[in-house]
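So you can see what is in the structure, the chains are spelled out below.
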Amino acid sequence: MVRSIQTIFQEFIEKKTLIFKDRNALTSDFTPDNIPHRDKEINTMASILAPSLKGGKPSNIFIYGMTGTGKTLVTKYVCSELERMSNQGTNQVKIIYINCKMKKTADTEYRLLAELSRILGQEVPITGLPTEQVYKIFFNVLDSTNWVVIIILDEIDSLVVKMGDDFLYNFTRINGELKKAKVSIIGITNDLHFIDILDPRVKSSLSEEELLFPPYNAIELQDILKQRVLLGLNPNIISEEVIPKCAALAAQEHGDARRALDLLRVAGEISERQNELKITEKHVDFALEKIDYDRIMESVKSLPKQTKSLLWSVIGLEEKGEKDIQTGDIYNTYEETCKQCALHPLTQRRVSDLISELDMMGIINARVISLGRYGRTREINMNTSPKIKDKMKEILKSGLMI
DNA sequence: AGTCCACAGGAAGGGCAGGCGA
DNA sequence: TCGCCTGCCCTTCCTGTGGACT
């Protein structure tokens, strides 16, 4: 018999949680009271930002390091302490955090300025105004106070990809336009070579101070996990091999603490759902598979119809036993697929971009190769298990109505 | 050493939708 | 309602590329 949704929720509320004490403590968004193995970075950042407490403009900071090395966490931690201290004093420090990868928030110059103005209390229409005017609105609202404003631009590399570095050039020179307020910028990126592609003038003003966050090693990841386990899980709920396993798996992926926390949390959720009393190595294995499965399925579901048709063609070719599938083969099959589902086929140039997008999402593997006089192309294959591929086909089939 | 292939991928711009102010 | 502005998706045009072949 199928249980009603109300029954499921009611059971969840009434059920005594055996595994989790505070699930949030095992997410990467959670900011703990102390951050292990990042003392040096915290102290350096704090001393760079401290002048703002006396109304001075701190240097701009450029922070780089791989995913899950604590860049955002440390920055938010230091800045929130700074804001708290400033509230006790006379000089107001205002912190603004923007994730430049967020669609509809910071993917264009207009939207970023509109979002900053909105955070400072001035609404700007979603579209319709000339960018110049949005700049004016932003400067006016900034200069209506004598705050020191620290703008954190997380994933700043995607900002430059979308808008070029002219925007950053204007932005790092913002203080010349202001009479009362002062602005400092903290740029955060995972791309270690990002600074090299910038215009030298932008580079010098953005990276007045530079901070590198090295990857965590397996031992450090274990310390991080142990701290979160104390905060997030009930005592004696975890087998002793679980933390080393999560840490080792995450250490393989460039010391990514986010990955380690996800693995542990999902392993906990799986064991809770199975009504088991302990999180074991087996749950970590399931978690590893589930995280990849969920990520890929979510991506496939949200693909536009054209990209679905392209992916369907890739799967079709692979199922025919074709090895070393090339862009040209895919394009031919894609045209056939379009005919079948009454779609107007896109040009090869556009399809080339769609292939890159699928590659970036991790749904396919595309590698540029040269076949000598037979041209330069991309060799494409899928790196998914049969289970994931079957589910993917199901989603594509209903999406394309084939 | 030069040629050639089959694209990769950058740049520019068109067309459309959504939203604004006059 | 109209003109203007931005964002997005797409096409067209073009140059660049690596290595097999001649």
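Because the structure is a prediction, the values reported are computed rather than measured. (Residues numbered from 1 in each chain as written. Chains lettered and ligands numbered in written order. Predicted model: local features only at pLDDT ≥ 70, side-chain atom pairs only at ≥ 80, totals over all residues. Heavy atoms only, no water.)

## With respect to the sheet that holds strand β5 (residues 209-213)
Here's step 1: With parallel pairing, the five strands of this open sheet are ordered in space as β2-β3-β4-β1-β5. Each end of this open sheet is capped by a strand with a single partner; those strands are β2 (93-99) and β5. Neighbour-to-neighbour, the strand axes of the sheet open up by a mean angle of 15°, direction not taken into account.
Here's step 2: Pairing between strand β3 (residues 148-154) and strand β4 (residues 182-189): seven bridges, direction parallel. (Pairing = 2+ DSSP bridges. Helix = DSSP H or I, 4+ residues; strand = E, 2+ residues; numbered from the N terminus. Axes fitted to C-alpha atoms, helices over the stretch in contact; angles between N-to-C directions.)

## Here's the deal with the protein's contact with DNA strand B
Here's step 1: As a matter of local geometry, DNA strand B sits amid 17 residues, with Thr327, Arg349, Arg373, Gly375 and Arg376 nearest to it.
Here's step 2: Backbone sugar and phosphate groups make up 61% of those atoms of DNA strand B lying within 4 Å of the protein.
Here's step 3: A distance of 3.3 Å is found between a phosphate oxygen of DNA strand B and a backbone nitrogen or oxygen belonging to Gly328.
Here's step 4: Take Arg376: an N or O atom from its main chain is 2.9 Å from a base nitrogen of DNA strand B.
Here's step 5: Contributions of two or more residues to the surface near DNA strand B are made by α14 (327-340), α15 (348-361) and β8 (376-382).
Here's step 6: At four residues, the largest contribution of residues to the surface near DNA strand B is made by α15.
Here's step 7: Grouping the amino acids of the surface near DNA strand B by side-chain chemistry returns three nonpolar, ten polar and four charged. (Near = heavy atom within 4 Å. Polar contact = N/O pair within 3.5 Å; in protein donor to acceptor, adjacent residues only side chain to side chain. Nonpolar A, V, L, I, M, F, W, Y, C, P; charged D, E, K, R; others polar.)

## Description of the protein's contact with DNA strand C
Here's step 1: The full set close to DNA strand C counts 20 residues, and Thr108, Arg111, Gly372, Arg373 and Arg376 are the nearest of them.
Here's step 2: A breakdown of the atoms of DNA strand C within 4 Å of the protein gives sugar and phosphate a share of 74%.
Here's step 3: Between DNA strand C and Thr347 there is a distance of 2.9 Å, counted from a phosphate oxygen to a side-chain nitrogen or oxygen.
Here's step 4: Separating a base nitrogen of DNA strand C from a side-chain N or O atom of Ser370 is a distance of 3.0 Å.
Here's step 5: Looking at the surface near DNA strand C residue by residue, the class counts come to seven nonpolar, seven polar and six charged.

## Overview of a nonpolar patch on the surface
Here's step 1: A cluster of nonpolar residues, Ile5, Ile8 and Phe9, forms a patch on the protein surface that exposes about 300 Å² of accessible area.
Here's step 2: Structurally, the position occupied by Ile8 is in helix α1 (residues 5-14). (Patch = residues over 30% accessible without salt bridge, like charges linked within 9 Å, V, L, I, M, F, W, Y side chains within 5 Å. Areas by Shrake-Rupley, 256 points an atom, 1.4 Å probe, with all protein chains shown as cover. Salt bridge = Lys/Arg side-chain N within 4 Å of Asp/Glu carboxyl O.)

## Notes on helix α2 (residues 39-49)
Here's step 1: Among all positions in α2, only Glu41, Ile42, Met45, Ile48 and Leu49 are buried. For α2, the angular spread of buried residues about the axis comes to 135°, placing them on one side. Facing away from the buried side of α2 by more than 90 degrees, the exposed set consists of Asp39, Lys40, Asn43 and Ser47. (Buried < 20%, exposed > 50% of the residue type's maximum accessible area, 1.4 Å probe, protein only. Arc of directions from axis to C-beta.)

## Section: α15
Here's step 1: Taking 1.5 Å per residue as the helical rise, α15 with its 14 residues ought to reach 20 Å, and the 20 Å between its terminal C-alpha atoms agrees with that figure.
Here's step 2: Every buried residue of α15 is listed here: Val351, Leu354, Ile355 and Leu358. Taken around the axis of α15, the buried residues stretch over an arc of 105°, which confines them to a single face. For α15, the exposed residues set more than 90 degrees away from the buried face come down to Arg349 and Met360.
Here's step 3: Buried residues belonging to α15 abut α13 (305-319), α14, β7 (364-370) and β8. (Expected span 1.5 Å × (residues − 1). Contact = heavy atoms within 4.5 Å.)

## Topic: the sheet that holds β8
Here's step 1: What the three strands build is an open sheet, ordered β6-β8-β7; its pairing is antiparallel. Two strands lie at the open edges of the sheet, namely β6 (325-326) and β7, each paired on one side alone.
Here's step 2: Packing against the sheet, α13 makes contact with β6, β7 and β8, and its axis sits at approximately 80° to β8.

## Digging into the nonpolar core
Here's step 1: Among the nonpolar cores identified, the biggest contains 37 residues, and Phe138, Leu153, Leu168 and Phe171 are the most heavily contacted of them.
Here's step 2: With six residues, helix α5 (residues 131-143) is the largest single contributor of residues to this core.
Here's step 3: With near-sequence residues (within four places) excluded, Phe171 lies in contact with Leu113, Leu116, Phe138, Ile151, Leu153 and Ile185. (Core = buried A, V, L, I, M, F, W, Y, C linked by side-chain atoms within 4.5 Å.)

## Things to note about the confidence of the model for chain A
Here's step 1: Taken residue by residue, chain A gives an average pLDDT of 86. The fraction at 70 or more is 93%.
Here's step 2: The lowest-confidence element of chain A is helix α6 (residues 156-163), averaging 72 in pLDDT; the highest-confidence one is α2, averaging 95. (pLDDT = per-residue confidence, 0-100.)

## Remarks on the environment of Lys57
Here's step 1: Checked against the element boundaries, Lys57 lands in the loop between α2 and β1 (61-65).
Here's step 2: For the pair Lys57 and Ile150, spaced 93 residues apart in sequence, the C-alpha to C-alpha distance is 9.1 Å.
Here's step 3: With sequence-adjacent residues up to four places away left out, Lys57 is seen in contact with Asn175, Lys182, Val183, Ser184 and Glu208.

## Brief notes about the domain arrangement of chain A
Here's step 1: The domain architecture assigned to chain A consists of domain 1 (15-22 + 216-299), domain 2 (39-213) and domain 3 (303-400).
Here's step 2: A separation of 34 Å is found between the C-alpha centroids of domain 1 and domain 3.
Here's step 3: With six residues of domain 1 at the contact, the number on the domain 3 side is ten residues.
Here's step 4: Of the roughly 730 Å² buried at the junction of domain 1 and domain 3 (both faces included), carbon and sulfur atoms supply 68%. (Domains from an automatic or database assignment. Buried area = accessible area lost by both parts, 1.4 Å probe.)

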